[in-house]
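Residue-level structural notes
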Amino acid sequence: MILRSPLLDQIKTIRHGFGTQSEPIPGVTLKHWADRPIWKQIHGTEISRVHQSGQNCGSVDALVTQIPQLPIAVVTADCVPLLFAHRSGRSIAAVHAGWRGTIARLTEKLWDLLIQEGEHPREWVAAIGPSIGPCCYEVSPELIENFKSKFPEVDPARWNPRERMLDLGSLHREILGKIGLGSIDSISACTRCSEKPTFYSYRRGDRESRQYSAIIIDPEF
Ligand SMILES: [Zn+2]
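Residues numbered from 1 in each chain as written. Predicted model: local features only at pLDDT ≥ 70, side-chain atom pairs only at ≥ 80, totals over all residues.

Describing the sheet that holds strand β7 (residues 80-86)
Taken together, the 6 strands give an open sheet; going across it, the order is β3-β5-β8-β7-β9-β10, and neighbouring strands pair in mixed fashion. If you trace the sheet from one side to the other, it starts and ends with β3 (47-50) and β10 (183-186), each paired once. For this sheet the average axis-to-axis angle between neighbouring strands, irrespective of direction, equals 15°. Bridge count between β7 and strand β9 (residues 124-128): 5 bridges; the pairing is antiparallel. Paired with Leu 82 across the bridge in β9 is Ile 128. Sheet strands touched by helix α3 (residues 106-116): β3, β5 (62-65), β7 and β8 (92-97). Its angle to β8, the strand with the most contacts, is close to 155°. (Pairing = 2+ DSSP bridges. Helix = DSSP H or I, 4+ residues; strand = E, 2+ residues; numbered from the N terminus. Axes fitted to C-alpha atoms, helices over the stretch in contact; angles between N-to-C directions. Contact = placed C-beta atoms within 7 Å.)

What follows is the structure in structure tokens.
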């Protein structure tokens, strides 16, 4: 099975899904999966604009395209996958944000770029996919302090519900709200402890396997 955002589902030409252990590559993108770009995620802040099928994007953690029938995706096993689409269905983006990408403000960097190019965040829909939840994501007190100093504009109660527990999905909801995204969906299943569905989880021990979160502009689906 895959998980889907009801808000993204409302956009007629967009197909998307957040993969799980039983369906790591969302089936809705399989018809065009061979056309996906080649990319390597490095917990960095580089962004690639995808123009053609099979494009080698190098080391990037965010992808953007306006090309129909060309799926873009990110792979995760606890990190936060984010999928975006313009309400008209003409443009899409995907982001991989673990704690490093979040603290380095990859999502904000993507939106700085899109806004420079004339996009209006309020015309876009965002979906925050399943990631490790505040139930399971214990980090060092130093990292919590680091987040507090890097995000002075966000109330820590939003993303640090208990001592040492980090809620990256909720922090992203705050970040996207401040950027001005028109509509934001959160799929809050925890990749580490959810049983139905189950996910690949780095913290639970999956070192090689991951699930894809994928999105495609497909007017002919
Ligand atoms: Zn959990």
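So, the pairing of β7
Look at any regular strand and the pattern is simple: side chains alternate between the two faces of the sheet. Counting buried residues along β7, 7 of its 7 residues qualify, which places the element largely inside the surrounding structure. Of the pairings in the sheet, the one linking β7 to β8 comprises 6 bridges and is antiparallel in character. The partner of Leu 83 across the bridge, within β8, is Ala 94. Taking the residues that link successive antiparallel strands as the turn, the β7-β8 hairpin has 5 residues, and the phi of Gly 89 there is positive, at about 80°. (Buried ≥ 20, exposed ≤ 12 C-beta atoms within 10 Å, placed from the backbone.)

Worth remembering: the numbers are spatial, not functional.
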